[in-house]
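Summary of structural features
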Amino acid sequence: MKTNLLLSKRMNTKSITLLFSAMLLLLPILGFGQTMESDSIPVFDYSGSKDYEIGGVTVIGATFTDENALKAIAGFRVGDKIRVPGGDIGRAMKALWNLRLFTDVQIRKEKTIGDIIFLEILVKERPRLTTHSYVGAKKAAHDELNDEVNKYLVKGGIVTENIKTNAANAIEYYYIDKGYLDAAVVVEEVVDTSRLNAVRLVFNIDRGERIKIQDITISGNENVKDRKIRKVMEDTRRKKRLFSSSKFIKSNYQKDKESIIAYYNTIGFRDAVISSDSLWRNEKGELMIHLNIDEGYQYYFRNISWKGNSIYETDLLTDVLGIKKGDIYNQELLDTRLQFSQDGRDISTLYMDNGYLFFRVDPIEVAVAGDSIDLEIRIFEGPQATIDKVVILGNDRTHEHVIRRELRTRPGDKFSRSDIIRSQREIINLGYFNPEALGINTPVNPQRGTVDIEYTVEEKPSDQLELSAGWGGIGRGVIGTLGVSFNNFSVRNILHRESWNPLPQGDGQRLSLRAQTNGRFYQSYNASFTEPWLGGKKPNSFTVGGFYTILTNGLDKENTGYGSFSIGGASISLGTRLKWPDDNFLSSTTVNLQNLTLNKWGSGGFRTDDGITVTDGNYYNFSITQTISRSSVNNPIFPQEGSRFTLSMQLTPPYSLFNDKNYGELAVEDRYKWLEYHKWKFNAEWFTAVAGKLTLRTSIKMGMIGAYSSEIGISPFERFQLGGDGINNQQFGQFNGTDIVSLRGYEINEIPANIIGGATVPTPIYDKISVELRYPISLNPSSTIYVLTFLEGGNAWQSFRDFNPFDMKRSAGVGLRVFLPMFGLLGFDYGIGFDKTNPDGSGFFAKYGNFNIILGFEPE
């Protein structure tokens with residue numbers, strides 16, 4: 001393969017010291033018996049050469065260089081014999097010049113006393129570097145430029161032409177890699193008067209214009225279209241592509257050429273090569289690229305046989321391989337199906353999950369007939385390996401048992417690669433460690449048939465502090481929030497002061513405290529505690545929590561117009577991990593008891609099915625919630641694969657079935673004294689890696705509440721409210737008997753079912769579908785940042801008869817999320833509702849969209 005690249009305009013500068021050395025060989029001594037035949041050419045008279053004994057050597061001009069070292073390098077020692085004039089002086093001069101430390105070297109006769117000679121070595125040292133600077137470079141690029149030039153420049157080191165050239169070339173290469181192919185650098189050496197024999201270097205940079213790739217032409221490709229080949233070249237693109245970068249970076253160009261061949265190999269052209277490529281500049285200075293491809297023949301799989309398999313039948317191995325006779329030959333697919341497939345469908349996983357760690361598989365081509373290839377897949381099964389030791393390293397805050405109980409790999413078990421992958425996921429999902437730094441090592445002891453498994457973790461902050469202030473809500477005042485969540489708490493270490501850092505931690509328990517108020521209008525307090533492994537032996541979680549919220553109209557209690565709504569409650573929950581259908585399933589049972597008190601409270605939107613607004617009364621809500629969930633996501637903060645499903649059923653006792661009351665004749669306060677209902681919620685999310693880190697998230701959410709008795713009807717409490725940003729609603733809706741569900745692009749009053757008679761009324765049924773494309777800007781555990789764009793649709797209905805899952809209020813928009821371990825999730829969404837209409841019928845463009853803030857949690 002040849003490459004004609006007419007881009008470089010510089011050549012390497014060679015040192016001129018070789019010229020000086022050659023001259024010195026012709027001038028072996030200065031100042032000894034020389035005569036002048038002309039004004040410019042010295043002629044030495046060797047007829048008067050004489051042997052002397054060196055009586056002493058003096059070095060003049062060496063400030064930074066050791067004088068004794070220079071004498072030794074020159075080869076002059078007191079008492080040695082030397083012929084003057086003669087070759088000894090020339091060899092000494094050459095040795096000193098070769099040090100490249102000096103701009104001038106002379107050897108002189110100081111004096112002679114009889115046959116004893118005293119010599120002087122005069123040197124002029126090269127200047128030393130004090131600092132360097134850039135002219136013509138943006139300040140933001142200085143750090144990266146320093147990384148390049150500091151490979152050659154040393155503060156306090158000597159400055160040579162070679163060093164200056166290398167540093168200048170490094171800067172030019174830096175800009176060439178960014179597409180500035182005409183970048184030029186001139187080095188200016190400036191005397192630094194603040195120090196003796198010192199200089200500073202100024203790099204004058206002219207980066208020029210960024211050179212774009214005008215076109216990429218291709219020849220020889222008879223089976224693959226030009227458009228497909230250009231698409232494979234992800235990092236080398238022509239200027240004609242909209243919104244694509246067309247700068248030329250040589251390293252990326254080489255990788256893209258390899259990608260072209262790799263693509264040809266996947267479609268059977270395993271002999272394909274790029275026979276030549278050319279790059280040149282057109283008359284406008286734009287870059288042109290031409291690739292000449294020799295595709296070769298397209299090959300197919302023919303006969304595939306197995307050898308060495310005794311554990312698994314040939315039919316099973318063939319089924320897992322999934323390659324049939326007549327399929328296009330695809331080396332990448334073959335390698336993937338033999339080992340390390342992302343979906344676990346490969347021969348290697350089949351064996352390694354059964355303990356065969358020493359397993360090896362080698363596909364051998366036994367025949368190539370025309371365009372067909374016969375394979376013999378040779379297997380070395382080896383013995384089963386047993387796990388000996390499981391070692392955990394790096395956990396300086398989290399206690400080892402918290403990590404070890406999540407592992408699927410235990411001493412004495414057979415080795416299983418799937419168990420290691422699952423253990424890795426469980427460690428990440430704890431949320432205490434940096435997922436990017438999690439390391440797994442498997443040192444093997446073949447003699448014993450055992451393997452150790454080492455998990456290396458890096459702790460990250462997991463506690464969260466919520467401290468915020470906002471404007472709005474009831475009374476339109478300042479709302480202050482203070483909350484803390486200790487996600488790796490330890491109750492048993494409360495009395496052990498040495499384990500406080502700053503609070504007892506390390507046992508994986510969660511303690512959450514939160515208070516929110518805007519004075520007289522609104523106050524809310526809640527606390528919860530979770531033990532994820534009750535008893536310490538099985539993954540049975542225990543959670544206890546309580547809350548109290550009160551909302552008022554801001555008047556004094558003594559005022560006859562005073563109105564308030566308060567709700568207090570407590571809950572106890574027990575959860576366990578299920579073994580069927582698989583151990584990704586969790587079951588949770590929660591017992592809830594709440595007391596709701598209304599006093600002249602007409603702004604809550606609590607309305608019965610027969611149209612009566614609930615403004616006063618004392619109500620009790622006793623319910624049991626059963627939740628089944630499944631999660632297989634690989635990262636709780638930014639999942640790129642896996643799914644989450646949750647189905648919950650909340651039931652109250654059917655009181656009306658146990659008594660003879662005529663509920664139709666009872667007052668509202670008596671009818672709903674003890675709330676009765678059945679409530680169902682379903683939530684599903686899927687995460688799919690689209691390309692690289694670009695991730696697709698799709699979700700479906702539904703909720704409904706029903707009644708046991710048509711005479712009582714659906715409870716005015718525990719309904720749903722769709723719309724808004726989920727933040728202001730969360731402040732006043734989380735603990736007021738209403739489930740809040742955000743719908744980006746729509747306010748609450750823009751969902752028709754939410755408004756009855758001009759008042760906001762929660763609904764008994766809703767659904768919502770979301771599709772998001774997410775791309776991470778940073779996956780650093782100290783600040784995870786990603787941007788997103790979304791399509792969303794949802795609606796709510798006041799009656800089951802009106803329910804229509806295809807009647808959606810649609811929206812689209814963009815958003816940003818920032819996860820800070822100390823503060824949780826922060827972000828915003830801007831959504832435009834496509835189905836909004838104003839009273840004048842002017843359509844959604846009359847009111848473009850809504851800006852939503854996310855604080856601490858992802859709205860439902």
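Just above sits the structure.
What this report covers is the structure whose coordinates are included nearby. This is a predicted model, so every value here is computed, not measured.

In this section: a positive patch on the surface. Taken together, the side chains of Lys225, Arg227, Lys228 and Lys231 make up a positively charged region of the molecular surface. By secondary structure assignment, the location of Arg227 is in helix H6 (residues 226-232).

Here we take up the nonpolar core. Judged by nonpolar contacts, the single largest core of 29 residues is most densely connected at Phe565, Leu598, Val614, Tyr619 and Phe717. Every element with two or more residues in this core is listed here: strand E25 (540-552), strand E26 (564-577), strand E27 (585-599) and strand E32 (719-722). Beyond its immediate stretch of four places on either side in the chain, Tyr619 contacts Gln594, Asn595, Leu596, Leu598, Val614, Val668, Glu669, Tyr672, Lys673 and Phe717. Ranked by size, the runner-up nonpolar core spans 24 residues in total, among them Ile176, Ile260, Tyr264 and Ile267.

Another aspect to go through is the environment of Asn166. As for its position among the elements, Asn166 is in helix H5 (residues 161-176). Asn166 sits in the partly exposed class, given a relative accessible area of 26%. Taking C-alpha positions, Asn166 is 6.9 Å from Tyr152, a pair spaced 14 residues apart along the chain.

Our next topic: the sheet that holds strand E14 (residues 300-307). The strands that make up a sheet pair up through hydrogen bonds in the backbone, lying either parallel or antiparallel. Strand order in the open sheet formed by three strands is E14-E16-E15, and the pairing between neighbours is mixed. Of all strands in the sheet, those with a lone pairing partner are E14 and strand E15 (360-369), marking the two edges. Taking the axes of each pair of neighbouring strands and ignoring which way they run, one obtains an average angle of 25° across the sheet. Note: E14 against strand E16 (residues 372-380), six bridges, orientation parallel. Across the sheet, the residue bridging to Phe301 is Ile373, located in E16. Contacts from helix H9 (residues 331-338) reach E14, E15 and E16, with the element oriented near 150° to E15.

With that out of the way, let us pick up empty space enclosed by the protein. Taken as a whole and assessed by the stated rule, the structure comprises three cavities of 30 Å³ or more. Within this model, the second largest cavity holds a volume of roughly 60 Å³. In terms of lining residues, the second largest cavity is bounded by Pro435, Glu436, Lys460, Asn635, Ile637, Phe638, Leu779, Pro781 and Thr784. Grouping the amino acids of the lining of the second largest cavity by side-chain chemistry returns five nonpolar, two polar and two charged.

A few words now on the side chain of Arg425. Considering the arrangement of structural elements, one finds Arg425 in helix H12 (residues 417-429). Here Asn584 takes part through its side chain, which lies 2.4 Å from a polar atom of the side chain of Arg425. Sequence-distant contacts of Arg425, defined by excluding residues within four places in its chain, comprise Asn584, Ser631, Ser632, Val633 and Asn634.

The next thing to look at is a nonpolar patch on the surface. A surface patch of nonpolar side chains, about 480 Å² in accessible area, is lined by Leu647, Phe682, Trp686, Ile700, Met702 and Ile769. As for its position among the elements, Leu647 is in strand E29 (residues 642-651).

Between its first and last C-alpha atoms H12 spans 19 Å; for 13 residues at 1.5 Å apiece the expected length is 18 Å, and the two agree. Looking only at H12, the buried set comprises Arg417, Ile420, Arg422, Ser423, Arg425, Glu426, Ile427 and Ile428. Of the surrounding elements, those touching the buried residues of H12 are helix H10 (347-352), helix H11 (400-404), strand E18 (439-441), strand E20 (450-456), E26 and strand E28 (617-631). Following H12 by one or two positions, Gly431 has its phi on the positive side, about 85°.

About the thresholds
Residues numbered from 1 in each chain as written. Predicted model: local features only at pLDDT ≥ 70, side-chain atom pairs only at ≥ 80, totals over all residues. Heavy atoms only, no water. Patch = residues over 30% accessible without salt bridge, like charges linked within 9 Å, V, L, I, M, F, W, Y side chains within 5 Å. Areas by Shrake-Rupley, 256 points an atom, 1.4 Å probe, with all protein chains shown as cover. Salt bridge = Lys/Arg side-chain N within 4 Å of Asp/Glu carboxyl O. Lys, Arg positive; Asp, Glu negative; His and termini not counted. Charge placed at Lys NZ, Arg CZ, Asp CG, Glu CD. Helix = DSSP H or I, 4+ residues; strand = E, 2+ residues; numbered from the N terminus. Core = buried A, V, L, I, M, F, W, Y, C linked by side-chain atoms within 4.5 Å. Buried < 20%, exposed > 50% of the residue type's maximum accessible area, 1.4 Å probe, protein only. Contact = heavy atoms within 4.5 Å. Pairing = 2+ DSSP bridges. Axes fitted to C-alpha atoms, helices over the stretch in contact; angles between N-to-C directions. 1 Å grid on protein atoms, 1.4 Å probe; cavity = no way out; pocket = protein on both sides within 12 Å on 5 of 7 lines; lining within 4 Å. Points joined across faces, edges and corners; volume = space filled by probe spheres on them. Nonpolar A, V, L, I, M, F, W, Y, C, P; charged D, E, K, R; others polar. Polar contact = N/O pair within 3.5 Å; in protein donor to acceptor, adjacent residues only side chain to side chain. Expected span 1.5 Å × (residues − 1).

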